[in-house]
Amino acid sequence: VKGGLAVDIGVKAFLPGSQIDLRPVRDLDALIGQKFEFKILKFNKQRNNIVLSRRALLEKEREKLRTETLKDLEEGKIVQGVVKNITDYGAFIDLGGVDGLLHITDMSWGRVGHPSELFRVGDEVNVIVLQYDQEKERVSLGLKQMQADPWLTVNQRFPVASRVQGKVVSIADYGAFVEIEPGVEGLIHVSEMSWSKKPKHPSKFFEVGQTVEAVVQDIDVENRRISLSYKATEPNPWDAVAEKYPPGTRIQGQIKNITDFGVFVGIEEGIDGLIHVSDISWTQRINNPAEVYKKGDVVEAVVLHVDRDNERFSLGIKQLTEDPWLTIGKRFPVGAVVKGKVTNVTDFGLFIELEPGIEGLVRTNEISRDKAEAEPQRKFNSADEVKAVVLNIDPHERKISLSLRAAIDHEEGENVREYISTTEQPIRNTFADKLREKLEGK
């Protein structure tokens with residue numbers, strides 16, 4: 001009937017829905033025809049109105065049962081109960097007049113997404129009492145604690161370097177979590193997914209529910225962490241690369257990517273070599289490789305170094321030819337008169353290009369004996385052609401010191417040997433020594 005049930009107690013009586021049970025009853029039709037004991041709440045003979053309650057009797061029985069249950073309740077005791085309610089964070093278990101909370105973290109050593117995955121209302125379960133607060137009458141229960149912690153013996157079951165099989169249960173930005181047994185998960189970091197491919201996100205490599213094989217790399221029992229490697233199940237291609245391309249090997253490859261610091265060249269499938277900007281040219285100053293190359297260009301280079309551990313392949317283009325500074329003294333010996341073009345005029349001197357990429361510096365005090373004419377910015381412009389005498393060469397620092405005044409003296413028949421020996425410019429290399437020996441007749 002509306003609001004509850006009609007009950008035959010010899011005469012017609014009314015049982016409100018709130019008085020049927022301790023908890024709300026959804027299926028009232030299931031109670032039709034059943035017999036129960038009731039307590040009379042209201043009786044109006046004139047109106048022929050009788051109101052019953054079954055809940056009042058159940059509460060009295062529950063209170064009696066609660067008293068008995070609380071007497072025997074203690075931490076560490078295994079008790080039987082019935083699942084009374086399920087929430088997102090756990091399940092409430094009726095222990096007999098007393099409700100205890102079985103938190104989701106205490107249900108299983110493994111991963112539990114929601115308590116409804118393991119329980120339904122009305123299920124009978126055996127649980128262990130974890131905590132009991134007598135004053136607040138709060139009971140915390142555990143189910144997983146009735147089994148041994150799998151992490152206590154994880155080292156014996158899954159030793160380092162062993163192969164394991166498991167299911168991907170979660171994917172994060174930094175890797176994929178794999179359950180290798182209930183309660184034991186390992187992480188395959190994004191860097192351990194492939195020797196060659198670098199996935200933008202682990203979800204591009206794995207999907208939840210996928211069964212994978214991996215190698216145990218490290219175990220941290222205290223923090224309950226296992227590091228796994230998926231790529232370790234296959235041979236490391238970098239081992240073969242290191243043997244196949246020893247330093248000095250010449251290779252050709254297509255430019256795959258260009259950055260501010262260098263050019264990446266494809267060597268083999270998934271393996272790129274880096275030509276650092278400093279290894280492109282011996283003499284040319286390159287601020288950005290994109291000024292010289294474009295993606296897709298085929299280039300020739302020399303293998304400089306293969307770092308297997310860090311998976312780095314270093315290449316060089318300038319190493320295809322000899323460093324011109326190693327023979328600079330032969331082409332421009334100290335004391336020689338050379339011609340060049342002014343490339344830059346500064347307040348401290350002139351830069352003269354002797355050959356492509358090779359420049360020498362004429363300091364202001366080496367421009368002219370006349371101080372009035374020794375102001376470079378007033379007297380010279382870029383692209384002016386001049387003659388100069390080589391004063392000093394430092395191949396290590398890649399510097400050449402030149403003198404315009406010495407070239408003028410040379411044209412006027414002055415003694416260049418005497419000038420070089422008295423100049424303030426330091427003569428620090430063997431070419432200058434050989435020149436002096438030659439001039440002295442040795």
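This text goes with the structure placed above it.
In short, a report on the structure. (Residues numbered from 1 in each chain as written. Predicted model: local features only at pLDDT ≥ 70, side-chain atom pairs only at ≥ 80, totals over all residues. Heavy atoms only, no water.)

What about the overall build of the protein?
When helices and strands are counted, the protein shows 8 helices and 24 strands. Over its C-alpha trace the protein gives a radius of gyration of 45 Å, far above what one expects of a compact globule, namely 22 Å for 442 residues. Within the protein, the fraction of its 442 residues that count as buried is 39%. A sequence separation of at least 24 residues applies to 59% of the contacts in the protein between residues at least 6 apart. For the protein, the exposed area adds up to about 27000 Å²; of that, 46% sits on carbon and sulfur atoms. Of note, the protein has its 61 positive side-chain charges centred 6 Å away from the centre of its 70 negative side-chain charges. (Helix = DSSP H or I, 4+ residues; strand = E, 2+ residues; numbered from the N terminus. Rg over C-alpha atoms; globule rule 2.2 N^0.38 Å. Buried < 20%, exposed > 50% of the residue type's maximum accessible area, 1.4 Å probe, protein only. Contact = heavy atoms within 4.5 Å. Areas by Shrake-Rupley, 256 points an atom, 1.4 Å probe, with all protein chains shown as cover. Lys, Arg positive; Asp, Glu negative; His and termini not counted. Charge placed at Lys NZ, Arg CZ, Asp CG, Glu CD.)

Topic: the pairing of strand β13 (residues 211-220)
The pairing of strand β10 (residues 163-172) with β13 spans 5 bridges and is classified as antiparallel. The partner of V164 across the bridge, within β13, is A214. Judged from the 5 bridges that link them, β13 and strand β14 (residues 225-229) form a sheet pairing that is antiparallel. The residue of β14 that forms the bridge with V215 is S229. Here β13 folds back onto β14 in antiparallel fashion, the turn holding 4 residues, of which R224 has a positive phi close to 55 degrees. (Pairing = 2+ DSSP bridges.)

Looking at the packing of aromatic side chains
As enumerated under the stated definition, the model contains 9 aromatic pairs in all. Aromatic pair F205 and Y230: ring centres 5.9 Å apart, planes at 80 degrees, arrangement edge-to-face. On the criterion of sequence distance, the pair formed by F205 in the loop between β12 (184-189) and β13 and Y230 in the loop between β14 and α3 (237-244) is long-range, its members being 25 residues apart. Ring centres 5.8 Å apart and planes at 65 degrees place the aromatic pair Y245 and F313 in the edge-to-face group. Placement of the pair is Y245 in the loop between α3 and β15 (250-258) and F313 in strand β19 (residues 312-316), with a sequence separation of 68 residues. No difference in accessibility class separates Y245 from F313, as the two residues are buried. Through successive ring pairs, a cluster of aromatic residues spans F205, F206 and Y230. Above the face of the F36 ring, R54 is positioned so that its terminal group lies 4.2 Å from the ring centre. (Phe/Tyr/Trp six-rings, centres within 6.5 Å; stacked < 30°, edge-to-face > 60°. Lys NZ or Arg CZ within 6 Å of the ring centre and 35° of its normal.)

A few points about the environment of V7
Relative to the elements of secondary structure, V7 occurs in strand β1 (residues 4-8). Separated by 44 residues in the primary sequence, V7 and V51 have C-alpha atoms spaced 9.5 Å apart.

Some thoughts on the pattern of salt bridges
Per the stated rule, a full pass over the model turns up 17 salt bridges. Note that E213 is salt-bridged to R163, the shortest N-O span being 3.7 Å. Of the two residues, E213 sits in strand β13 while R163 sits in strand β10, which places them 50 residues apart along the sequence. Residues R308 and D239 are paired through a salt bridge, measuring 2.0 Å at the closest nitrogen-oxygen approach. A residue pair is termed long-range when its members are at least 10 positions apart, and R308 in the loop between β18 (298-307) and β19 and D239 in helix α3 qualify at 69 residues. By relative accessible area, which is 30% here, D239 ends up partly exposed. A single salt-bridge network, built from bridges that share partners, covers R62, K84, D94 and D99. (Salt bridge = Lys/Arg side-chain N within 4 Å of Asp/Glu carboxyl O.)

A closer look at the sheet that holds strand β21 (residues 349-355)
Spatially, 5 strands are ordered β20-β21-β22-β24-β23 in a closed barrel, and the strand pairing comes out mixed. The average angle at which neighbouring strand axes cross in this sheet is 50 degrees, direction not considered. (Axes fitted to C-alpha atoms, helices over the stretch in contact; angles between N-to-C directions.)

Examining the pairing of strand β6 (residues 90-94)
Extensive coverage of β6 is indicated by the burial of 4 of its 5 residues. In this sheet, β6 lies alongside strand β5 (residues 78-86) in antiparallel orientation, the contact comprising 4 bridges. Note on β6: the bridge partner recorded for V83 is I93. Linking β5 to β6, which pair antiparallel, is a turn of 3 residues. Sheet topology places β6 next to strand β7 (residues 99-103); 5 bridges connect them, and they run antiparallel. When the sheet's bridge partners are listed, G90 is paired in β7 with H103. Count of turn residues in the β6/β7 antiparallel hairpin: 4 residues, of which G96 carries a positive phi of about 115 degrees.

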